[in-house]
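# Structural overview for review
If you want the building blocks of each chain, they are given just below.
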Amino acid sequence: MNTTKAVRRTAVAAGLALALGLGVTAQASAGAPRSVSGKPSDNITRIADFYGTYIDAVTDEGSGALQDALRAQYLTPAFQKELNAWEAKEHADGVLRAQNVPLAWKVTDNGTARYTEAVVTLTWSVGQTSTVVVDMTRGSHKIVHIGTKGINAKGTGSK
């Protein structure tokens with residue numbers, strides 16, 4: 001992401017906060033302290049960790065090596081090749097299925113069997129979201145598919 005986009009995103013966020021009547025101080029001090037928990041043996045936690053870290057890496061300038069390392073850690077080698085081919089064809093980031101970086105993300109469990117399937121909701125602006133379905137193996141905890149439908153709907157696996 002270039003500096004112009006970062007400045008623009010910050011200005012839009014600040015303008016939105018002001019338009020909604022939210023001051024940064026009021027927003028930061030309102031409510032109880034937040035907490036996030038998870039465990040490495042839980043695939044939904046792992047998918048959420050991957051997306052959170054990946055989005056941070058895409059947002060930070062000069063972090064291409066981190067993006068590659070995250071892909072190597074979380075994706076199967078076969079799926080990395082598939083993702084690279086998709087990206088060459090679509091000219092977009094295959095993990096996010098977009099050319100931009102979302103402002104927020106949410107991971108929702110969509111069932112488990114042979115694979116853990118999760119729906120990742122990406123928020124681009126107020127009221128504008130998209131979803132991807134992520135399938136992760138239960139044994140190796142590696143992502144084997146990201147798309148608009150789950151691996152079972154894709155026809156390459158069974159649930």
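Everything below is about the structure shown above.
Residues numbered from 1 in each chain as written. Predicted model: local features only at pLDDT ≥ 70, side-chain atom pairs only at ≥ 80, totals over all residues. Heavy atoms only, no water.

### Notes on the packing of aromatic side chains
All chains considered together, the criterion is met by three aromatic pairs. Both rings, one in Phe50 and one in Tyr51, keep their centres 5.4 Å apart while their planes meet at 85°; by these two values the pair is edge-to-face. Here Phe50 and Tyr51 have matching classes, each one buried. Plain terms: the ring middles of Phe50 and Tyr54 are 5.5 Å apart, the flat faces sit at 40° to each other, and that makes the pair tilted. A residue pair is termed a helical-turn pair when its members lie 3 or 4 positions apart in one helix, as Phe50 and Tyr54 do in helix α3 (residues 43-59) at four residues. Ring pairing ties together the aromatic residues Phe50, Tyr51, Tyr54 and Tyr74, which thus form one cluster. Between the NZ or CZ atom of Arg97 and the centre of the ring of Trp86, over which it lies, the distance is 4.2 Å. (Phe/Tyr/Trp six-rings, centres within 6.5 Å; stacked < 30°, edge-to-face > 60°. Buried < 20%, exposed > 50% of the residue type's maximum accessible area, 1.4 Å probe, protein only. Helix = DSSP H or I, 4+ residues; strand = E, 2+ residues; numbered from the N terminus. Lys NZ or Arg CZ within 6 Å of the ring centre and 35° of its normal.)

### Remarks on the sheet that holds strand β3 (residues 128-137)
Taken together, four strands build an open sheet; the order of strands is β1-β2-β3-β4 and the sheet is antiparallel. Every other strand in the sheet has two partners, leaving β1 (104-112) and β4 (143-147) as the edge strands with one partner each. When strand polarity is set aside, the average angle formed by the axes of neighbouring strands in this sheet is 25°. Here strand β2 (residues 115-125) pairs with β3 via 10 bridges, running antiparallel. Directly across from Val119, in β3, lies its bridge partner Val133. (Pairing = 2+ DSSP bridges. Axes fitted to C-alpha atoms, helices over the stretch in contact; angles between N-to-C directions.)

### Some remarks on the pattern of salt bridges
Inspection of the entire model under this criterion finds two salt bridges. Among the salt bridges present, the one from Glu87 reaches Arg71, with a minimum N-O distance of 2.5 Å. With Glu87 in helix α5 (residues 77-90) and Arg71 in helix α4 (residues 64-74), this pair connects stretches of sequence that are 16 residues apart. This pair shows no difference in class: Glu87 is buried, exactly as Arg71 is. We note a salt bridge from Arg71 to Asp93, for which the minimum N-O separation is 3.7 Å. Of the two residues, Arg71 is situated in helix α4 and Asp93 in the loop between α5 and β1; the sequence distance between them amounts to 22 residues. Considered together, Arg71 and Asp93 belong to a single accessibility category, that of buried residues. The network of salt bridges with shared partners includes Arg71, Glu87 and Asp93. (Salt bridge = Lys/Arg side-chain N within 4 Å of Asp/Glu carboxyl O.)

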